Amino acid sequence: MSQARNWDEFMEGIWRQNPVFVMVLGMCPTLAVTVSGINALSMGVATTFVLICSCGLVSLLRKLIPKEVRIATYIVIIATFVTVVDYVIQAVSLALYDALGAFIQLIVVNCIILGRAEAHASKTPPAPAMVNALGMGIGFTIGLLALGCVREILGAGTLFGISLFGAGFQPWVVMVLPPGGFFVLGAWLLLFAALERRKQRKLAEVRHV
Amino acid sequence: MSHATDLLPETTPTAAMIRTLGLIAMICGVIIVAAYQGTYAAVQENKRIAVERAVFKVIPRAKSIAEYAVSSAGELKKLGAGEAAPTGSIKFYAGYDEAARLAGIAAEGAAKGYADTVRILFAWDPAAASVTGFGVVAMRETPGIGDKILVDAEFLANFPLEAKPSDDRLVLAHEIRTVKHGSKTNPWEVDAIAGATITSRAIGKAINDTAQTLVPRLAPHLDKLKEKS
Amino acid sequence: MSIEIRSAPHIKAPKSVETIMRHVVWSLVPVCAFFVFQYGLSALASLVVVTASCLATERWFVKTGTQSGDISDYSAVITGLLLALSLPPGFPLWMGAVAGFVAIALGKALFGGIGFNVFNPALVGRAFAQAAFPQAIATYSPSFLPGRFTEFVPSSLALPLMRPADMMLWLKAKQLDALAGATPLAKWKFEGVLAGAEELVTSLSGHMAVGPSPALILLCGAYLALRRFMDWRIPAAILGSAGLTAWLLFALSPERFPNPFFMLFSGGLILGAVYMATDMATSPVTPKGMWVYGALIGLLTVIIRYYSGLPEGVMYAILLGNALTPLIEKVTQPTPFGKSALARLGHAKRGASYPLHPGYISREDAGAVTPKKRFMWNKPKRDERRKPNEPRD
C-alpha cells in the first residue's frame, strides 16, 4: 500500500466526494442538528467513529460475509457501534445527549455509513478502508461544521458557546429553525458549485491556449 | 457447462450463512456489552447530577435531595439511586436545606406545547401550599416566542401559584388554569404571555396534571418528609 | 429588401417591461410620500436603504451573469419600495438591508431574474424578515408623532447585527406611551379592540400604527388599471372574496368577528391586493385564472387572520397564491376558437398550449434578453458574447 494511495483514499471524502457538499448524503442529521457548532462537531465525531469502526469490521469480515445477507450484516455492525456511541455520549455529557436527541440513534440509517460499507469497505482491505472512512468522516464533520458555525453565529451570536458580538446581539430566529438549515446548506452548495465551475473554466481556458 | 447454470449466482450454503451471522452477532454482542459495562457508572452519575442540578434550580434553598414515590393508594416509598418508581405511583424529589429541613418538593410535569411535549420540573412549597417556580427539562418551542416562559417577567410573576388540596383530599381545591393575557384574577390562575399562549397553556396544564394527584396524596405524609431521613 | 419570417405576435403594443415598471414606480411615489408624511425621517431612511439594497443586489447578480435583464428596468426599485412599505417604519435599517438582499437574491436571482421568479420577491424578503426577526417586525411606531421629521425612531438606527432599542422605553421617555403602537389588527386579535373603518380608510386620524392610506393606494392602483398597466381583475377578486368571506362570518356571529370593512381596510390587504398580488411574473395570465387566484388569496387572508396565531395573513396568502399560479393557469386555459368547450370535459386532446420555452420565441426576441444561468466571475463583453463560435485565443 503506497503512501499516495492512502492520501488519495483520505482526500476522497474531504473534497472530491464530500458527503455533504458533493454527494449530498446524510441530510437528516445535517439539517437537524446543526443549530450550533458544538452539536455539529459532536455529531460529526460520532459519525466518524461509527464510520471508521464499522468500515474496519466490515472490511475485516468481507470474505466471510455471505452476499445474500450482506446488508443485514452491515446494519447489525453499524447498529452495534451506534449503540456504543450512544452510551459514550451519555457518559460524557447528558446535555449533549439531549441536544442531539434521536439523531444519535439515527446514525444507523445515515446513508453515508451504509454506502461506504457497501461501496468501499466490502471490497477493500482494512487499512485503506479505514483511511477512506476517516476521510469521509472528516469531510462530513467539515460539512456539518460549515453549517453549524454559520447557523450558530447568526442564530445566537456565538461560536462554540463563546459570545462574538456582546449582549446586544439580535439573533436571527430563522437560522435555528429548520428553514435556516436549508438556506445555509443552499448557500454553501451555491458557493461550492461556483468555485467548481470557476476551476473548470480556468482549466478549459488553459487547454484552449 | 450449460447456459442456465452460468447465469445462476453461486449460493452460499445455509449452514455457512448461519455460522457467519452467528459469529458476527457474537462479536457485536460482546462490543455492546463491553460498552454498556464500561459506561454504566459514568452514565448513572451524570443522570444523578443532572437531576440534582435541576432540582436545586427550582428549589434554590435545597442543598441535598431524596427521591420518593407515592402510590395511588397513598403509600410513600423512598427510592434508591437509579431505582424506577413502581407503576401507578408518582415520583417526586424532596429538597432539603443545610439543616436537613424540607425546603420544597419538586416533581415533573409534561404537556403538549406548540412544537412538541414540554417537560418541566416544578417546585411545590408545602408550607405555603403553592407552586413556587418551574424549570424546563426538555422543550422544542420556537426560540424567541415560546421560550419567553423562562424569561418573561410578567409570566414569572405568576408564581407562587396556589395549589392546595381540596377538603376531601382527592384533588386540588382549585384547578390550575391558564387564562388569556391580562385576565388573571385568582391566585391559582396562570396569566398567559401574549403571543405565546400555547406554550403558557402547556406550562399550566403540566403543573396541573401532576399537582392534581401528587399534592392530595402527599398531604398525609408531609410530617414524615419534614426532616431528612 | 429582406422578408423576415417569424412567429406570432406580429403586432406588438409599444409597451415594454421598462415602460410598465416605470409607471408602477410613478404610481408608488404618492404612496411613499404619504408614508414619509406619516412616519417622517425613519420611513424615508427605510425606503432609501431597502431600495438601495435591492438595487445593489440586482446589480451584482446581473454583473456576475446569473440573472437576465437589466438594472434599468425598474423592477428592483418596485421590489425595494414595496418591501419597505410592508415593513414597519421603525424597522432597523440593517435588517431592512438584509431583507432587501434576500428579496432579490432568493426571490429573484436564484430563479434566473425578472420574469422567471415564482414568488413575489418583495414578499420573499418580508417572509424572511418575519421568520428571522419576529419581534422587530411586530414593533410598530405610532404615526404622526411630533418631531418625526427631525428625529429618527431609535430602533431604525440599530447597529448592524445588534438588537434595536426598545420602542416602549423610547415612547415612555417622550411621555407618549399612551399612543403605544400595535397595529389595528394586532390590537383586535390580542386585545379585542376594534378600530373604525372610516379611520382606517384615510389613515389620517389619531396616531394609529398603520401603513399608507388604503384610499390613496386604491387611487394609485386605479390609475395603473386605467392605463392598462395592471389587470383590475386580481385586486377586484381579492377584495371581493375577502370582503365576502368576512361579511359571511360577520353575519353568522357579529360578536366574534369584526365587520368586513375592518377586514378590508386594516393591515396590508389593500397594498397586497393592488401592488403585490398583481406582479405579472407571479400571477396567472388567463382571465379566469385571475379570478380564481384572487378569490383564493382573499379567502386565505381572512382565514389566516381569524384562525391562526398571526394577526396578519396577506403575505402568506399571496405567497401561497403565487405557488399555485402554474396550476391555476393550467386548469383555466381558454378554449381555442373552433373547439367546443364540451370537448374539454371528455377525453379530447386539450387545445393549444405552448410551453414557454426559449425555442418558441423568435430569434430576434430571444436575442434581446438571453437568460444565461451561468455563474461567471469575469463576464465577457457584450460583443464577445454575440459570436460564441469564434475561438478566442
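Scroll up for the structure.
Residues numbered from 1 in each chain as written. Chains lettered and ligands numbered in written order. Predicted model: local features only at pLDDT ≥ 70, side-chain atom pairs only at ≥ 80, totals over all residues. Heavy atoms only, no water.

Brief notes about the overall build of chain C
Consideration 1: Assigned secondary structure in chain C consists of 17 helices and zero strands.
Consideration 2: Looking at the 393 residues of chain C, the share that counts as buried comes to 48%.
Consideration 3: Accessible surface computed for chain C: about 20000 Å², of which carbon and sulfur atoms make up 66%. (Helix = DSSP H or I, 4+ residues; strand = E, 2+ residues; numbered from the N terminus. Buried < 20%, exposed > 50% of the residue type's maximum accessible area, 1.4 Å probe, protein only. Areas by Shrake-Rupley, 256 points an atom, 1.4 Å probe, with all protein chains shown as cover.)

Topic: the interface of chain A and chain C
Consideration 1: On the chain C side, the residues contacting the 17 residues of chain A number 21 residues.
Consideration 2: In total, chain A and chain C occlude about 1800 Å² of area from one another, counting both sides; carbon and sulfur atoms represent 68% of this.
Consideration 3: For chain A, the biggest contributors to the area lost against chain C are Gln170(A), Trp172(A) and Arg201(A); these three give 33% of the whole.
Consideration 4: Where chain A meets chain C, there are zero salt bridges.
Consideration 5: There are five residue pairs in polar contact (both at pLDDT 80 or more) connecting chain A and chain C.
Consideration 6: Every element with two or more residues in the side of chain A that touches chain C is listed here: helix H8 (173–176) and helix H9 (178–208) of chain A.
Consideration 7: The dominant element in the side of chain A that touches chain C, judged by the number of residues it contributes, is H9(A), at seven residues.
Consideration 8: Its residues assigned to classes, the side of chain A that touches chain C shows eleven nonpolar, three polar and three charged. (Contact = heavy atoms within 4.5 Å. Buried area = accessible area lost by both parts, 1.4 Å probe. Salt bridge = Lys/Arg side-chain N within 4 Å of Asp/Glu carboxyl O. Polar contact = N/O pair within 3.5 Å; in protein donor to acceptor, adjacent residues only side chain to side chain. Nonpolar A, V, L, I, M, F, W, Y, C, P; charged D, E, K, R; others polar.)

Observations concerning the nonpolar core
Consideration 1: Of all hydrophobic cores here, the largest spans 132 residues; its most connected members are Trp172(A), Leu28(C) and Tyr275(C).
Consideration 2: In terms of residue count, the dominant contributor to this core is helix H1 (residues 17–39) of chain C (ten residues).
Consideration 3: Once residues lying within four places of it in the same chain are set aside, the contact partners of Trp172(A) are Leu154(A), Gly155(A), Trp94(C), Val98(C), Phe128(C), Ala132(C), Phe133(C) and Leu161(C).
Consideration 4: Counting residues in each nonpolar core, the second largest holds 37 residues, with Tyr96(B), Phe159(B), Val215(B) and Leu225(B) among its members. (Core = buried A, V, L, I, M, F, W, Y, C linked by side-chain atoms within 4.5 Å.)

Observations concerning the state of the cysteines
Residue and element names in this part refer to chain C.
Consideration 1: One pass over the structure, following the stated rule, counts zero disulfides over all chains.
Consideration 2: No disulfide involves Cys220; its sulfur sits 9.3 Å from the nearest other cysteine sulfur, which is in Cys32.
Consideration 3: Using a relative accessible area of 8% as the deciding quantity, one classes Cys220 as buried. (Disulfide = S-S within 2.5 Å.)

So, the packing of helix H11 (residues 233–252) of chain C against helix H14 (residues 287–307) of chain C
Residue and element names in this part refer to chain C.
Consideration 1: The interhelical angle for the contact between H11 and H14, taken along N-to-C directions, is 40 degrees, at an axis separation of 7 Å. Looking at the two axes, H11 sits oblique to H14. The element H11 and its partner H14 pack so that their crossing is right-handed. Each of Arg233, Ile234, Ala236, Ala237, Ile238, Ser241, Ala242, Thr245, Ala246 and Leu249 in H11 lies in contact with H14, whose residues at this interface are Pro287, Met290, Trp291, Tyr293, Gly294, Ala295, Ile297, Gly298, Leu299, Val302, Tyr306 and Tyr307.
Consideration 2: Class assignment of the residues belonging to the contact of H11 with H14 gives a composition of 17 nonpolar, four polar and one charged. (Axes fitted to C-alpha atoms, helices over the stretch in contact; angles between N-to-C directions. Parallel < 35°, antiparallel > 145°, perpendicular 65-115°, else oblique. Left-handed = near helix turned anticlockwise from the far one by under 90°.)

Quick look at the interface of chain A and chain B
Consideration 1: Listed by partner, the interface residues are 25 residues for chain A and 22 residues for chain B.
Consideration 2: Between chain A and chain B, roughly 2000 Å² of surface is buried when both sides are summed, and carbon and sulfur atoms account for 78% of that area.
Consideration 3: When the buried area of chain A at its contact with chain B is split by residue, Thr80(A), Tyr87(A) and Leu94(A) rank highest and sum to 23% of it.
Consideration 4: Put simply, chain A and chain B have zero salt bridges between them.
Consideration 5: Counting across the chain A and chain B interface gives two residue pairs in polar contact (both at pLDDT 80 or more).

A few points about the environment of Glu141(B)
Residue and element names in this part refer to chain B.
Consideration 1: Looking at where Glu141 falls in the secondary structure, it is placed in the loop between strand E6 (130–138) and helix H3 (153–156).
Consideration 2: Among the residues examined, Glu141 registers a relative accessible area of 6% and is labelled buried.
Consideration 3: The sequence separation of Glu141 and Glu52 amounts to 89 residues, and the corresponding C-alpha distance is 24 Å.
Consideration 4: Apart from residues lying up to four places away in sequence, Glu141 is in contact with Gly113, Tyr114, Ala115, Asp116, Val118, Gly146, Asp147 and Thr199.

Things to note about the packing of aromatic side chains
Consideration 1: If you walk through the whole model with that rule in mind, you get 25 aromatic pairs over all chains.
Consideration 2: Seen in terms of ring centroids, Phe134(B) and Phe155(B) are 6.2 Å apart; in terms of plane orientation they differ by 85 degrees. Their pairing is edge-to-face. Of this pair, Phe134(B) sits in strand E6 while Phe155(B) is found in helix H3, placing the two residues 21 residues apart along the sequence. Comparing Phe134(B) with Phe155(B), the two get one shared label, buried.
Consideration 3: Within the aromatic cluster, the residues linked to one another by ring pairs are Trp172(A), Phe183(A), Trp94(C), Phe128(C) and Phe133(C).
Consideration 4: Over the face of the ring belonging to Phe37(C) we find Arg148(C), whose NZ or CZ atom lies 5.4 Å from the ring centre. (Phe/Tyr/Trp six-rings, centres within 6.5 Å; stacked < 30°, edge-to-face > 60°. Lys NZ or Arg CZ within 6 Å of the ring centre and 35° of its normal.)

Digging into the side chain of Ser143(C)
Consideration 1: Counting through the fold element by element, Ser143(C) comes out in the loop between helix H6 (134–137) and helix H7 (167–173).
Consideration 2: Leaving out residues up to four positions away in the same chain, Ser143(C) has contacts with Gln38(C), Tyr39(C), Gly206(C), His207(C) and Met208(C).

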